[in-house]
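Each chain, written out:
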Amino acid sequence: MSGTERPVKDATKLVLAGRRPEWTHSAEGGGIVNPPVWRASTILYDSVQHLREAAGRDTHHRLFYGRKGTPTQWSLADALTSLEPGAEGTFLYGSGVAAIAAALLSVLAPGDELLLPDSAYDPTRGMAMGLLKRFGIATRFYDPLVGAGIAALIGDATRAILMESPGSLSFEVQDVPAIVAAAKARGVTTLLDNTWATPLFFPAIERGVDLTILACTKYVVGHSDAMLGSVTAAPGHFKALRDTSYQLGQIASPDDCWLGSRGLRTMGVRLKQHQASALQIAHWLKARPEVAQVLHPALPDCPGHDVFVRDFKGSSGLFSFVLNGGDDAGRAALIDTLELFGIGYSWGGYESLALPVDPQRHRSVTTREAAGPMVRLQIGLEDPDDLIADLERGLGAFRR
């Protein structure tokens, strides 16, 4: 597309992105729609001179060795980069946790400090208190609602601030622009786990974030059949990310990347349905006497709702609700009674899930007062009326 043409919208990007003519064999006209699966370890060269020339050049988007990728991986990375206006590049990983680890290790060194929200995904917290601690990197936890107050927590050793907005259990929405502004004033790198919103609902690079992370296992893949992660970098941050990832030997399977590319094409329409169904169910739950609170960023009583309204373009299908009294046994009876909701980790697929969650077990500096146990729901693509009827049965079991 030339610079004089009108930029296309996100829905069109999802269809076109990553389909370069050299990857779909359409440079001469015709060609295929989807870049195929290129599986490779060894890449062959015409001569020793050819091999040596290849070793001396930038291997980005060039066949060199299987670990450096093939057009299958490059296509998905290219597509994800195109969804983040202003981004320099994307690197892919075998899982979201691997993506978080590589992103952090690309900016942190022994003696550095990381600021991490108290609402962080448990594996991220475990990484901070395990791997990073063993490497001599300190972590300080902060209130996810601190906003511009993060400036007071930035010390001489602080090198990075990781955000997760909203938190994937308790759904606090962070003031990302305020935190980014404070970080930039001190030369601190910012990272965001943007899995819940995706670039479609929160364009992180455009908002000043340096490294934005997706567990592509969720909405990008969308079908609960592949593990995948990505990090997209703002200008000036991609080389360190790529070099660190190469040194760690990180590589995403071409088969999983192909599934990610296939899922990406429908992510926009799926997110619209996840959003609509989740909102319908969240409002229904809010009116139920068995429910004390619904933690959905689009609802006014969710912490950080004002920031959500200001910054986000939409909401996805994951939220929690707090039961009005009761205990763990009652919560288990509710979940066990459900027929359309599976019981399992992850989210973002086409199927609905219910999970007992206890955020307070994973807190260091903030406390959560709750009226009762909490349940997290992933709202899939089933008819929301059927899901509501299922939840009504579950709430009946909770009352007993």
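Residues numbered from 1 in each chain as written. Predicted model: local features only at pLDDT ≥ 70, side-chain atom pairs only at ≥ 80, totals over all residues. Heavy atoms only, no water.

(A) Fine view of the packing of aromatic side chains. Counted by the stated rule, this structure contains eight aromatic pairs. Between Trp196 and Phe308, the aromatic rings sit 6.3 Å apart at their centres with planes inclined by 70°, giving edge-to-face as the arrangement. Pair noted here: Trp196 is in the loop between strand 5 (189-193) and helix 8 (198-201) and Phe308 is in helix 12 (residues 305-311), with a separation of 112 residues, a long-range link. For Trp196, a relative accessible area of 4% puts it in the buried group. Measuring from ring centre to ring centre gives 5.0 Å for Phe202 and Phe312, while their planes differ by 35°; the resulting arrangement is tilted. With a gap of 110 residues between them, Phe202 in the loop between helix 8 and strand 6 (211-214) and Phe312 in the loop between helix 12 and strand 9 (318-323) connect regions that are remote in the sequence. No difference in accessibility class separates Phe202 from Phe312, as the two residues are buried. (Phe/Tyr/Trp six-rings, centres within 6.5 Å; stacked < 30°, edge-to-face > 60°. Helix = DSSP H or I, 4+ residues; strand = E, 2+ residues; numbered from the N terminus. Buried < 20%, exposed > 50% of the residue type's maximum accessible area, 1.4 Å probe, protein only.)

(B) Region of the structure containing the pattern of salt bridges. For the coordinates displayed, the defined rule picks out 19 salt bridges. With a closest N to O distance of 3.6 Å, Asp112 and Arg159 form a salt bridge. Placement of the pair is Asp112 in the loop between helix 5 (96-105) and strand 2 (113-117) and Arg159 in strand 4 (residues 158-164), with a sequence separation of 47 residues. The salt bridge involving Asp358 is made with Arg331; its shortest N-O contact spans 3.2 Å. With a gap of 27 residues between them, Asp358 in the loop between strand 10 (353-357) and strand 11 (374-378) and Arg331 in helix 13 (residues 328-337) connect regions that are remote in the sequence. For Asp358, a relative accessible area of 30% gives the class partly exposed. Look at Arg331 and you get buried, because its relative accessible area is 3%. The network of salt bridges with common partners includes Arg288, Glu290, Glu392 and Arg399. (Salt bridge = Lys/Arg side-chain N within 4 Å of Asp/Glu carboxyl O.)

(C) Spatial organisation of the pairing of strand 1 (residues 89-93). Judged by how many residues are buried, strand 1 sits mostly within the fold: five of five residues are covered. Side-chain alternation along strand 1 places Gly89, Phe91 and Tyr93 on one buried face and Thr90 and Leu92 on a second face that is also buried. Two elements, strand 1 and strand 7 (residues 229-233), share five bridges in a ladder whose sense is antiparallel. For Phe91, the partnering residue across the bridge sits in strand 7 and is Val231. (Pairing = 2+ DSSP bridges.)

(D) Spotlight on the sheet that holds strand 4. Judged by pairing direction, the sheet is mixed, and its seven strands sit side by side in the order 1-7-6-5-4-2-3 without closing on themselves. At either margin of the open sheet sits one strand with a lone partner, and together these are strand 1 and strand 3 (138-142). The mean angle between the axes of side-by-side strands here comes to 20°, regardless of whether they run parallel or antiparallel. Helix-sheet contacts for helix 6 (residues 122-134) involve strand 2, strand 3 and strand 4, and the interaxial angle to strand 2 is about 160°. (Axes fitted to C-alpha atoms, helices over the stretch in contact; angles between N-to-C directions. Contact = heavy atoms within 4.5 Å.)

(E) Looking closely at the sheet that holds strand 11. Strand order in this open sheet of four strands is 8-9-11-10, and the pairing throughout is antiparallel. Since the sheet does not close on itself, it has two edges, and those belong to strand 8 (291-295) and strand 10, each with one partner. Across the sheet, the mean angle separating the axes of adjacent strands is 25° when strand polarity is ignored. Strand direction decides the pairing type here: strand 8 and strand 9, joined by four bridges, are antiparallel. By the bridge assignment, Leu295 is partnered in strand 9 with Ser320. On top of the sheet, helix 11 (residues 267-286) reaches strand 8, strand 9 and strand 11; it is set at about 10° to strand 9, its chief contact.

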